[in-house]
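Tertiary structure, described
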Amino acid sequence: MQPTRLSAAVAALALTASLAGTLASTASAVTPAPQPVPPGHGKSLALAAADKAADSGLDGLRHGADEELVRTAVTPWAGGLYYAAYQRTYKGLPVAGGDAVVLSDSAGKVRDVTSAPAPAIRLSTKATVSSAAALATARGRLAEVESASTPELTVLLKGNKPVLTWHTLVVGRTAKGLPSSLDTYVDARTGAVARATDKILHADGRGYHNGNVTIDTAASSMTDPNRSGFKCGGQNGSAYTGSSPWGNSGANDLVTACVDIMYAAQKEHSMLKEWFGYNGQNGQGGMVPARAGLAEVNAYYDGTKTTYGRAQTGSNQLTAIDVVAHEYGHEIFDRTPGSSGSSNENGGMNESTGDIFGALTEHYANNPNDTPDYTVGEKVNFFGDGKPIRNMYNPSLVSNDPNCYTQLTSGTEVHAGAGPQNHWFYLLAEGSNPGGGKPSSPICSGGPSSVTGVGIQKAGKIFMGALLMKTSSWNHLAARKATLSSAKNTYGSTECNAVKAAWNAIGVPAQSGETDCGGTTNPDFSLALNPTSGSVQPGASATSTMSTSTTGGSAQTVQLSASGAPSGVTVSFSPSSVTSGGSSTMTVQTAAGTPNGSYALTVTGTGSATHTVTYQLTVGSTTPPTGCDNTEYTYQGTLATGQAQAQPDGSYYYSATAGTHVGCLRGPAGADFDLYLQKWNGSAWADVAVGGTAGADEDTSYYGTAGYYRYVVHAYSGSGAYTLGLSAP
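Brief notes about the packing of aromatic side chains
Following the criterion strictly, the structure yields 17 aromatic pairs and no others. Between tryptophan 424 and phenylalanine 463, the ring centres sit 6.2 Å apart and the planes meet at 50°, which makes this aromatic pair tilted. Of this pair, tryptophan 424 sits in helix α7 (residues 419-430) while phenylalanine 463 sits in helix α8 (residues 456-467), and the two are 39 residues apart along the sequence. Exposure remark for tryptophan 424: the relative accessible area of 0% places this residue in the buried category. We classify phenylalanine 463 as buried; its relative accessible area is 2%. Ring centres 5.3 Å apart and planes at 70° place the aromatic pair tryptophan 680 and tryptophan 685 in the edge-to-face group. In this pair, the class of tryptophan 680 matches that of tryptophan 685, namely buried. Members of the aromatic cluster, each reached through a chain of ring pairs, are Phe357, Trp424, Phe425, Phe463 and Trp503. We note lysine 470 situated over the ring of phenylalanine 333; from NZ or CZ to the ring centre the distance is 4.4 Å.

Quick look at the side chain of glutamine 616
Within the element layout of this structure, glutamine 616 appears in strand β25 (residues 610-619). At 3.1 Å, the side chain of glutamine 616 and the backbone oxygen of histidine 63 are in polar contact. Aside from chain neighbours lying at most four places away, what touches glutamine 616 is His63, Gly64, Ala65, Thr532, Ser533, Gly534, Tyr599 and Ala600.

Some remarks on the state of the cysteines
One pass over the structure, following the stated rule, counts four disulfides. Two residues, cysteine 496 and cysteine 517, share a disulfide whose sulfurs are 1.9 Å apart. Judged by the sign of its S-S torsion, about -65°, the cystine formed by cysteine 496 and cysteine 517 is left-handed. Here cysteine 496, found in helix α10 (residues 493-505), pairs with cysteine 517, found in the loop between α10 and β17 (524-530); they are 21 residues apart in sequence, far enough to count as distant. Accessibility expressed as a relative area gives 2% for cysteine 517, which makes it buried. In the chain, the cysteines engaged in disulfides, taken in order along the sequence, are linked 1-2, 3-4, 5-6, 7-8.

Comments concerning the sheet that holds strand β12 (residues 290-291)
Taken together, the four strands give an open sheet; going across it, the order is β11-β12-β14-β13, and neighbouring strands pair in mixed fashion. On the outer flanks of this sheet lie β11 (232-233) and β13 (299-301), each paired with one strand and no other. Inspection of the sheet shows β12 paired to strand β14 (residues 306-308) by two bridges, in the parallel sense. Within β14, the residue paired with alanine 290 across the bridge is threonine 306. Against the sheet, helix α5 (residues 321-335) touches β12, β13 and β14, its axis set at about 20° to β13.

Quick word on empty space enclosed by the protein
In the structure shown here, the tally under the stated rule is one cavity of 30 Å³ or more. Roughly 40 Å³ of volume is contained in the largest cavity. The wall of the largest cavity is formed by Asp322, His326, Gly354, Asp355, Gly358, Ala359, Glu362, Asp373, Thr375 and Val376. Those elements that provide at least two residues to the lining of the largest cavity are α5, α6 (344-365) and β15 (375-376).

Regarding the packing of helix α4 (residues 254-276) against α6
Two quantities define a packed helix pair, namely the angle between the axes and the distance from one axis to the other. Their axes nearest at 9 Å, the elements α4 and α6 cross at an angle of 85°. One way to sum up the angle between α4 and α6 is to call them roughly perpendicular. Between α4 and α6, the contacting residues are Tyr263, Ala264, Lys267, Glu268, Ser270, Met271, Leu272, Glu274, Trp275 and Phe276 on the first element and Phe357, Leu360, Thr361, His363, Tyr364 and Ala365 on the second. Residues that form the contact of α4 with α6 fall into these classes: 10 nonpolar, three polar and three charged.

Quick notes on the rules
- Residues numbered from 1 in each chain as written.
- Predicted model: local features only at pLDDT ≥ 70, side-chain atom pairs only at ≥ 80, totals over all residues.
- Heavy atoms only, no water.
- Phe/Tyr/Trp six-rings, centres within 6.5 Å; stacked < 30°, edge-to-face > 60°.
- Helix = DSSP H or I, 4+ residues; strand = E, 2+ residues; numbered from the N terminus.
- Buried < 20%, exposed > 50% of the residue type's maximum accessible area, 1.4 Å probe, protein only.
- Lys NZ or Arg CZ within 6 Å of the ring centre and 35° of its normal.
- Polar contact = N/O pair within 3.5 Å; in protein donor to acceptor, adjacent residues only side chain to side chain.
- Contact = heavy atoms within 4.5 Å.
- Disulfide = S-S within 2.5 Å.
- Pairing = 2+ DSSP bridges.
- Axes fitted to C-alpha atoms, helices over the stretch in contact; angles between N-to-C directions.
- 1 Å grid on protein atoms, 1.4 Å probe; cavity = no way out; pocket = protein on both sides within 12 Å on 5 of 7 lines; lining within 4 Å.
- Points joined across faces, edges and corners; volume = space filled by probe spheres on them.
- Parallel < 35°, antiparallel > 145°, perpendicular 65-115°, else oblique.
- Nonpolar A, V, L, I, M, F, W, Y, C, P; charged D, E, K, R; others polar.

Spatial relationships are all this shows, so hold off on functional conclusions.
Here you go:
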């Protein structure tokens, strides 16, 4: 087997903080003594806590025996906080839906968890429709196809039911000639389209010229040398060439249009970094390229690029600061956890996100040719009367768009559906009666008498933090919970209460489990199991350590219990209650007649709140194999297909001198288990030796310098118990 078969399950371990501390030991010999934790331990502690929560199935992170939550992104935040995003997988296939985000801190505490609803998944992963046939079906949805991604076998959660599908993104034009970027799922058994969502939210025509500005380009082309992927050119996708000064200030000169586009997009990029500490529109320092000169009254983002047309009158190009920042705001929404959802409400919030980032960028740029405001496209004169196409402080002033959440319906057009969240953002940033020449903003029926704003920079950071907790089921109710959590964790009770007042003012009701904005920290705790699964023969028992931690307020008593055990299985805890911060040993005892199979046990901790984790019990598995008797230390574990474990005991060891590291893995018969020796390079774990044959047994030998090391055992295929032996200098 080749190292390139290292799965997402192992990759997800790459930055976990086994470095943060040793977990409960299952070694048959003394573990090498850990040394002082290396630099970066705060991040390691945070990610270890997040990964433990995901592995343990904490609260909404519950997942079945064939499912995993694979960490796909980590975003550092203010105050030593980290947002860790997770994608659900089923038997190694990506799942569309059921995604999750864990917010944790540098002390190793879980602050918050969000997750999209996910039913227990059970279905065959064998497709009866070919990839080529599915692609043809997806391409057939458009009259003209510009590009189509290679279909990927994916489990789609549709109407709370799993469907095996082929997933592809098809970019082109509809029969009506409109641009389209169809995120398409084709049923892998019937060949029918299970879901197709257009990522392009067609914007109204608008345009603006920013005057003489400074932009970042290469010497001879409109390619940004500092922001990956960003360039501007015509409809053929090539960057315009030439030299500085670019453009001629002409309203319809396309190089001038690119000057406006690059200026606005680069200002937005700088705003994200300087105000929020966020790394560009795509979160990785870059953004998609831009194209000018579309011969239509339109501007849009399609997942691969932004495109800009002309105003309805033909008087100018649609390249205003708020227009460009709006389109790249769609990229921010698309590239944060949960991506772009499929509901109409989600689409309205996506549009609102574009408007919010348009306003934020205008305020950051503070360009005298386009003074900061909370209206959209006001410089374009789209209707011939000089009025904007959307209004954030009073959405009803344009086309009677809804001001209040209670005015939304399932059929509200997405641009109009931006109204309530736009209204909320203005109230949070400026308040209901800000003064200083800024407009007053109405409050919906049943809301507070007034709202005091926190300023646009704080409001923007709170909103950005909430987007980092977004899931595929995003809606106004979820946004309320996420922004309250973001405000309390980023700033404190004053800002949190302002967020709450702004949501109340537009009619979004309080939600169960939302953050309490009180000035004192509410008592709370978190749970984690290690290990999170066990395999036994009928009549035998398995143990796991239930760890608790205090995440808010003072330590408290937590009562432990379990449910979901099949007939013949009993679960006990010693002790049965702990003070948060302590641990208990959970013993799962099976009777001699317990049927073979896999069972999900729900373990509950009850205190000031109730939290749950999941333990996967397999009855009838084989005993750990032998064959590594000549090594210094021995560890054992159990893995299902696609899973991975770090050793020793989920942690690491320190070698004080140079020498040879010997690894011996013995896995279950008929399985394909792999062994990776990794060394800490100062910021991440790097593979230094790989045992990757297509079998259950692996042996490695590596001569290395002093440093921190760990082994990762990966079940490429097959399930069961394994034994790992290791010797270190």
